[in-house]
Amino acid sequence: MQVFENSLYQEDIRYVANLSLPWNDLKNKSIMISGATGLVGSFLIDVLMYKNIYNNLNCTIYLLGRNKSKADKRFSYCSQTNWYHFIEYDVNSPLQRDDLTTVNYILHMASNTHPIQYSTDPIGTITTNIIGTQNMLDFAYKHHATRCVFTSSNEIYGENRGDIEKFDENYCGYIDCNTMRAGYPESKRCSEALCQAYIKQKGLDVVIPRLTRSYGPTLLNTDTKALSQFLHKGVSGENIILKSAGTQYYSYLYIVDTVSGLLTVLLKGSCGEAYNVADNASDIRLKDLASIIAEYSGKKVIFEIPDPVESAGYSKATKARLDSRKLKQLGWSAKYDIKTGVERTIDILKTIN
């Protein structure tokens, strides 16, 4: 079974597709998405395709990626429709498509997003965020985009200085820029600044959802984030491996709520503004998260020392909780708490081939 065939996953798609959002803004329009086969992008596309198939949205979707066969397999249920258009593309190169006169909405979501990538491909991590963002913004300007979305990260806040419990959108914590691991958060910060420059100098309309640590059944097998590893272990019935004391206190979010937040920012956010996409009910310490998954899977939590490659890619932040009041003022609310979300993820993943 593929993920989009699972009944629980289909229920999640319907939930987001039926939210009270200004969907008509996307009707008969076009949307371009980099990172289309990733954790967030793939669920977003499933929602948009549901709206096309069942609600007459008629939104053309341009998927950007480096592997057409992978994308066509993932979206096999809709890859032959007139709404689906895959463009083979590496965001580090300018996108030349003179056959497209206008693309209404552009979402830049491609990025290295997990520790092993940060430590083994630090150059690619930086260039995808900065050069890739510039290429997408240039394309948006040339093709008269109505709005651009740059998906930023909770990591732009750096380390909690101990002066606040939660990060609001104006907080700026410490990042030691003279380290390899700084490449991801610093390039995300730079990309946000680049968005502001294009707003000022080119007149683009850009919004910035700052996503927290997201998870769900669309996670990739190659994802090495701690929670992703916990979930893979839970699905396979193995003990959960915790490679630290587990006292890190972070915000997490189930993919359904991440995408509903992303869509809320896209359709209701104000130009130039950043919005934290997170929820109190999914804030948890890493050791407690490991325990939830171990208990649900009937296994134990085992402590191990990380190897040097893993350790180099880990975030140094010990507390990173996001304040989402600004997003909630747009009418957004989360559906799942952390326990329900991880259990649902495991249930869905167990059915996937």
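Within each chain, residues carry numbers counting from 1 in the order of the written sequence. Side-chain atom pairs in this predicted model are given and counted only at pLDDT of 80 or more, local residue features only at pLDDT of at least 70, and totals for whole chains, interfaces and linings cover all residues. Note: side-chain values were computed over all heavy atoms of the structure, leaving out hydrogens and water.

Asker: Would you explain the pattern of salt bridges in this entry?
Answerer: Oppositely charged side chains are able to pair whenever their charged atoms sit close together. Between Lys or Arg on one side and Asp or Glu on the other, a salt bridge is scored when a side-chain nitrogen of the former is within 4 Å of a carboxyl oxygen of the latter. Considering all chains together, one arrives at 18 salt bridges under this definition. When the shortest N-O distance is used, the salt bridge between Glu11 and Arg344 registers 2.7 Å. A residue pair is termed long-range when its members are at least 10 positions apart, and Glu11 in helix α1 (residues 7-17) and Arg344 in helix α12 (residues 338-349) qualify at 333 residues. Residue classification places Glu11 among the partly exposed positions, given a relative accessible area of 38%. Classification of Arg344 by relative accessible area gives buried; the value is 12%. Ionic pairing is found between Arg321 and Asp283, a salt bridge with its closest N-O pair at 3.0 Å. Remark: Asp283 occurs in strand β12 (residues 283-285) and Arg321 occurs in the loop between β14 (319-320) and α11 (325-328); sequence separation between them is 38 residues. Pair check on accessibility: Arg321 and Asp283 agree, each one buried. Helix and strand definitions here come from DSSP, where helices need a minimum of 4 consecutive H or I residues and strands a minimum of 2 consecutive E residues; each element is numbered from the N-terminal end. Note on exposure labels: buried denotes an accessible area under 20% of the residue type's maximum, exposed denotes more than 50%, and partly exposed covers the range between, all computed with a 1.4 Å probe on protein chains only.

Asker: Sorry if this is basic, but what is going on with the environment of Asn28 here?
Answerer: Residue placement: Asn28 occurs in the loop between α1 and β1 (30-34). Looking at Asn28, the relative accessible area reads 51%, which means it is exposed. Sequence separation between Asn28 and Thr60 is 32 residues, and the spatial gap between their C-alpha atoms is 7.4 Å. Not counting residues up to four positions away in its chain, the partners in contact with Asn28 are Leu57 and Asn58. Engagement of the side chain of Asn28 in a polar contact is seen with the side chain of Asn58, the distance being 2.8 Å. In what follows, a contact means two residues having at least one pair of non-hydrogen atoms within 4.5 Å. Identification of polar contacts relies on pairs of N or O atoms within 3.5 Å, with a donor-acceptor requirement for protein atoms, meaning one able to donate a hydrogen and the other able to accept it, and with residues adjacent in sequence counted only if both atoms are side-chain atoms.

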